Amino acid sequence: FRQSWLDAGRTCFWTSGSHGNTYWGFIFMKTIMEDIILKNFDKPDEIRKFDKGRFEIVKVANMTIGRATYAPGWKWSIDVSPLVDTEFCEVEHLGMVIAGSATVAFKDGEIYTLEKGDIFYVSPQPHDSWVVGDQEYVSLHFLGAEKYAD
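Below: a short report on this structure. (Residues numbered from 1 in each chain as written. Predicted model: local features only at pLDDT ≥ 70, side-chain atom pairs only at ≥ 80, totals over all residues. Heavy atoms only, no water.)

Another aspect to go through is the packing of aromatic side chains. This structure, assessed with the given rule, holds five aromatic pairs. Aromatic side chains Y70 and W74 sit 3.6 Å apart centroid to centroid with 5 degrees between the ring planes, which places their arrangement in the stacked category. Of the residues examined, Y70 reaches a relative accessible area of 3% and is grouped as buried. With centroids separated by 6.2 Å and ring planes inclined at 80 degrees, the aromatic side chains of F106 and Y112 adopt a geometry described as edge-to-face. Judged by relative accessible area, which is 40%, Y112 ranks as partly exposed. A network of ring pairs unites the aromatic residues F50, Y70, W74 and Y137 as a single cluster. (Phe/Tyr/Trp six-rings, centres within 6.5 Å; stacked < 30°, edge-to-face > 60°. Buried < 20%, exposed > 50% of the residue type's maximum accessible area, 1.4 Å probe, protein only.)

See below:
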């Protein structure tokens, strides 16, 4: 840890001095900060396992980041739904596909395909998902990871 004086932590004040002079100044709040936090999915903080897949979680400061790994044949409504007692996923997602391909299918019938390199946002509207093809699907999740498959 290093100790740091942060401008964001200061409080401005005015005060009267002797002989009618007015003084202006700051009260600084001392904070302790870490220079760096290193985490790795090889040693996740938590692993949520289900048939044909897993969701690994790493917590960094006030963020929760997830890595989804699904085998060919994985489908949310079959492999995760029984664990969370909802028919479809209702978690909001912001992520990036690292490998493979998967779909996002909304209840209204719209189906989208996520492929390697895609950055995606999926609303919390109920949706299903499944792996496309015979390659393992891997994605990182920057939003919604704390709630996924929990």
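As a further point, take the nonpolar core. With 22 residues, the main nonpolar core has F50, F55, Y70, W74, V80, Y137 and Y148 as its most contacted residues. Going through the elements one at a time, strand 4 (53–60), strand 5 (63–70), strand 7 (101–106) and strand 9 (119–122) are the ones with two or more residues in this core. In this structure, Y70 is in contact with F50, K52, G53, R54, F55, V131, E136, Y137 and Y148, ignoring residues within four places of it in sequence. (Core = buried A, V, L, I, M, F, W, Y, C linked by side-chain atoms within 4.5 Å. Helix = DSSP H or I, 4+ residues; strand = E, 2+ residues; numbered from the N terminus. Contact = heavy atoms within 4.5 Å.)

To continue, consider the side chain of S81. The residue S81 is located in helix 2 (residues 81–84) in this model. The contact partners of S81, leaving out residues within four places of it in the chain, are W76, T86 and E87.

So, on to the sheet that holds strand 10 (residues 127–131). Here three strands make up an open sheet; going across it, the order is 8-7-10 and the pairing antiparallel. Pairing within the sheet leaves two strands with one partner each, and these edge strands are strand 8 (111–115) and strand 10. Neighbour-to-neighbour, the strand axes of this sheet turn through a mean angle of 20 degrees, independent of strand direction. Taken together, the five bridges between strand 7 and strand 10 define a ladder with antiparallel strand orientation. Within the sheet, the bridge partner assigned to F106 lies in strand 10 and is H127. (Pairing = 2+ DSSP bridges. Axes fitted to C-alpha atoms, helices over the stretch in contact; angles between N-to-C directions.)

This part takes up the sheet that holds strand 9. Each strand in a sheet pairs with its neighbour through backbone hydrogen bonds, running either in the same direction (parallel) or in the opposite one (antiparallel). Spatial strand order, 3-4-5-11-6-9: six strands in an open sheet with antiparallel pairing. With one partner strand each, in any of the chains shown, strand 3 (46–50) and strand 9 form the two edges of the open sheet. Going across the sheet, the axis of each strand differs from the next one's by a mean of 25 degrees, ignoring polarity. Pairing between strand 4 and strand 5: eight bridges, direction antiparallel. When the bridges of strand 5 are listed, K59 appears paired with T64.

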